[in-house]
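Fold and contact review
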Amino acid sequence: MGSLYSEYLNPNKVQEHYNYTKETLETQQTSSRQVASAFIVILCCAIVVENLLVLIAVARNSKFHSAMYLFLGNLAASDLLAGVAFVANTLLSGSVTLRLTPVQWFAREGSAFITLSASVFSLLAIAIERHVAIAKVKLYGSDKSCRMLLLIGASWLISLVLGGLPILGWNCLGHLEACSTVLPLYAKHYVLCVVTIFSIILLAIVALYVRIYCVVRSSHADVAGPQTLALLKTVTIVLGVFIVCWLPAFSILLLDYACPIRSCTVLYKAHYFFAFATLNSLLNPVIYTWRSRDLRREVLRPLLCWRQGAGVQGRRRAGTPGHRLLPLRSSSSLERGMHMPTSPTFLEGNTGV
């Protein structure tokens, strides 16, 4: 075991594994690769900004301090960190990769695994909450906040353990024949384990949403009404986006496990599949905010306030003698202008469309 960890600081180990698992190494920054990297960085910046807006909206309004919005805030936090991790992963790729030590490489890939798995567990928690709220016709009360926080903490703990297993020893250092082609320092069996866990979670989410769909379709008095169609649309969008974004990445990792070394050239382009999976972190806040009128207004409020402040500053700079500038409205008047109902529509199943 000591000899295994002694290789973690070996500067030649990463190049050795890449030379063994790949026929060619893309170490030169071609123009197409630079454009792709720039696009990914811009995409991840958008992920960070929109999820930060969701976190601000949930934190500043006590109306959103309930079970559903705690899960939503946790999803936004994991997606935000996933965007940051993927930016770091992109900037440390290419020619920089071969200059990394194994411990640096494990930190680069492990951070992405931790945050992306936390996003998946958050989606599962939201699906469970929606099932309880709709199938059981029941909402969590404020007295269950401690239980919700424990569930969120457990999801992060599981994600940390799952993403940290390679750096703790479940890797292929010293066993090149067991290495993954997509992730050359990860053991193939570890990759299979992760894909299996994510696939089980995917199936569980599918089963929960199918159950919700059946309950809504079969209900007459409890959940039927004008909310039904909007809820079915939300379920379909969430489920469809999750499958579309993650299924290609799961498939490429399963192919990685099944293919012998250097026998499947498509594995050399696996980073495109992971980049596509990251779109899930971009679309999650769009789905959950656009389908909730209250949350959408709260998310857009900082942007509206910034725009209003910029407009007032512009009028002051362009003001002429005798031109009267209107004072900024107080926060209370702004809230009256953006009045939100007492009961959050998202919690009640009304998506506000």
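Residues numbered from 1 in each chain as written. Predicted model: local features only at pLDDT ≥ 70, side-chain atom pairs only at ≥ 80, totals over all residues. Heavy atoms only, no water.

The name recorded for the protein chain in an unreviewed UniProt entry is Sphingosine-1-phosphate receptor 2, from Cebus imitator. As stated in UniProt under Sequence similarities (unreviewed entry), the record for the protein chain gives "Belongs to the G-protein coupled receptor 1 family." If you open the UniProt record of the protein chain and go to Subcellular location (unreviewed entry), you find "Cell membrane". (UniProt positions renumbered as here; feature names shortened; annotations may be inferred.)

A few words on the state of the cysteines. Scanning the entire structure with this criterion turns up 2 disulfides. The side chain of Cys-172 participates in a disulfide bridge whose partner is Cys-179; the two sulfur atoms lie 2.1 Å from each other. Across the disulfide from Cys-172 to Cys-179, rotation about the S-S bond amounts to roughly 105 degrees, and the bridge is consequently right-handed. Accessibility classification places Cys-172 together with Cys-179 in one group, the buried group. Each sulfur in the disulfide pair Cys-259 and Cys-264 lies 1.9 Å from the other. The S-S bond linking Cys-259 to Cys-264 shows a torsion near -70 degrees; that makes this disulfide left-handed. The exposure class assigned to Cys-259 is buried, which follows from its relative accessible area of 7%. What connects to what in the protein chain, once the bonded cysteines are numbered by sequence position, is 1-2, 3-4. Here Cys-44 is not cross-linked by a disulfide; its sulfur's nearest cysteine counterpart is in Cys-45, at 7.2 Å. (Disulfide = S-S within 2.5 Å. Buried < 20%, exposed > 50% of the residue type's maximum accessible area, 1.4 Å probe, protein only.)

The subject of this paragraph is the pattern of salt bridges. Opposite charge on two side chains allows them to pair when their charged atoms are near. For the coordinates displayed, the defined rule picks out 4 salt bridges. Between Lys-13 and Glu-7 there is a salt bridge; the shortest N-O distance is 3.9 Å. Glu-7 sits in the partly exposed class, given a relative accessible area of 24%. In this structure, the salt-bridge partner of Glu-298 is Arg-60, at a minimum N-O distance of 3.4 Å. Taken as a pair, Glu-298 in helix α10 (residues 293-317) and Arg-60 in helix α3 (residues 31-60) lie far apart in primary sequence, 238 residues in all. (Salt bridge = Lys/Arg side-chain N within 4 Å of Asp/Glu carboxyl O. Helix = DSSP H or I, 4+ residues; strand = E, 2+ residues; numbered from the N terminus.)

We now examine the packing of aromatic side chains. What the rule picks out here adds up to 11 aromatic pairs. Ring plane angle 5 degrees and centroid distance 6.1 Å describe the contact between Phe-106 and Tyr-186, whose orientation is recorded as stacked. With Phe-106 in helix α5 (residues 102-135) and Tyr-186 in the loop between α6 (145-168) and α7 (188-218), the pair connects residues that are 80 residues apart, well separated along the chain. With 5.2 Å between their ring centres and 75 degrees between their planes, Tyr-186 and Tyr-190 make a pair best called edge-to-face. The buried category is assigned to Tyr-190, whose relative accessible area is 0%. Cluster of aromatic residues (ring-pair linked, three or more members): Tyr-8, Trp-105, Phe-106, Phe-113, Trp-170, Tyr-186 and Tyr-190. (Phe/Tyr/Trp six-rings, centres within 6.5 Å; stacked < 30°, edge-to-face > 60°.)

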